[in-house]
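Listed here are the chains, written in short residue letters.
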Amino acid sequence: MMEKRERVRTVIAQLLEDSPLVSQEVIEDVHHLLGVGEEGLAFHTMCSWIYEDELPITSAYYQRLMAAAQEVGDSTSVDKLDELILDQVEND
C-alpha cells in the first residue's frame, strides 16, 4: 500500500513540476497537500486550478493527467481538461 502511495505522490509531483501553473500559492498548496499525505486532494487542486485559469496543456500532458487520475481514483478531476488541449504545432 505504501509503495502505491509513494508512486502516486511522485507522479503528482512530476505533473505539478511540468504543469502550466504559475501561481506560487497554488503550487505551494499542492506541495503541502502531498507532504501531509493528501494525494487525491493535491491532484484535484492542481487540476481544478489548471481548468479555472484556463491554462493550455499538451495532449501528452493530458494523457499523463488521465493516467494519474486512474491511479488516484479520481476521474472527475480531469473532466473538461480536454477543452484546454493545444493541438496546434507551430512550425515557423
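Remember, it's a predicted structure, so these values are computed and weren't measured experimentally.

Visitor: Quick one: what's the story with helix 2 (residues 24–35), residue by residue and with numbers?
Guide: Look at helix 2: 16 Å from first C-alpha to last across 12 residues, which is about the 16 Å you get at 1.5 Å a residue. Within helix 2, the full set of buried residues consists of Val26, Ile27, Val30, Leu33 and Leu34. Seen end-on, helix 2 carries its buried residues on one side only, within an arc spanning 125°. Turned more than 90 degrees away from the buried face of helix 2 sit Glu25, His32 and Gly35, all of them exposed. Just past helix 2, the residue Gly37 takes up positive phi, approximately 80°.

Visitor: How would you sum up the pattern of salt bridges? Please name residues and give values.
Guide: Pairing is possible between side chains of opposite charge, provided their charged atoms come close. All chains considered together, the criterion is met by 5 salt bridges. The partner of Glu6 in a salt bridge is Arg9, and the shortest N-O contact between them spans 2.7 Å. Placement of the pair is Glu6 and Arg9 together in helix 1 (residues 2–18), with a separation of 3 residues, close to one helical turn. Exposure remark for Glu6: the relative accessible area of 36% places this residue in the partly exposed category. Look at Arg9 and you get partly exposed, because its relative accessible area is 22%. Two residues, Asp18 and Arg64, come together in a salt bridge whose shortest N-O distance is 2.9 Å. Remark: Arg64 occurs in helix 4 (residues 59–72) and Asp18 occurs in helix 1; sequence separation between them is 46 residues.

Visitor: Go over helix 3 (residues 39–52), please, and point to the residues and values.
Guide: When the terminal C-alpha atoms of helix 3 are compared, their 20 Å separation across 14 residues agrees well with the 20 Å that a helix rising 1.5 Å per residue should span. Listed in full, the buried residues belonging to helix 3 are Glu39, Ala42, Phe43, Thr45, Met46, Cys47 and Ile50. Directly beyond the C-terminal end of helix 3, a positive phi value near 50° is found at Glu54.

Visitor: Tell me about a negative patch on the surface, and name the residues and values.
Guide: Taken together, the side chains of Glu52, Asp53, Glu54, Asp79, Asp82 and Glu83 present a region of like negative charge at the surface. With respect to the element layout, Asp79 can be found in the segment after helix 4. Of the residues examined, Asp79 reaches a relative accessible area of 47% and is grouped as partly exposed.

Reading the values: the criteria
Residues numbered from 1 in each chain as written. Predicted model: local features only at pLDDT ≥ 70, side-chain atom pairs only at ≥ 80, totals over all residues. Heavy atoms only, no water. Helix = DSSP H or I, 4+ residues; strand = E, 2+ residues; numbered from the N terminus. Expected span 1.5 Å × (residues − 1). Buried < 20%, exposed > 50% of the residue type's maximum accessible area, 1.4 Å probe, protein only. Arc of directions from axis to C-beta. Salt bridge = Lys/Arg side-chain N within 4 Å of Asp/Glu carboxyl O. Patch = residues over 30% accessible without salt bridge, like charges linked within 9 Å, V, L, I, M, F, W, Y side chains within 5 Å. Areas by Shrake-Rupley, 256 points an atom, 1.4 Å probe, with all protein chains shown as cover. Lys, Arg positive; Asp, Glu negative; His and termini not counted. Charge placed at Lys NZ, Arg CZ, Asp CG, Glu CD.

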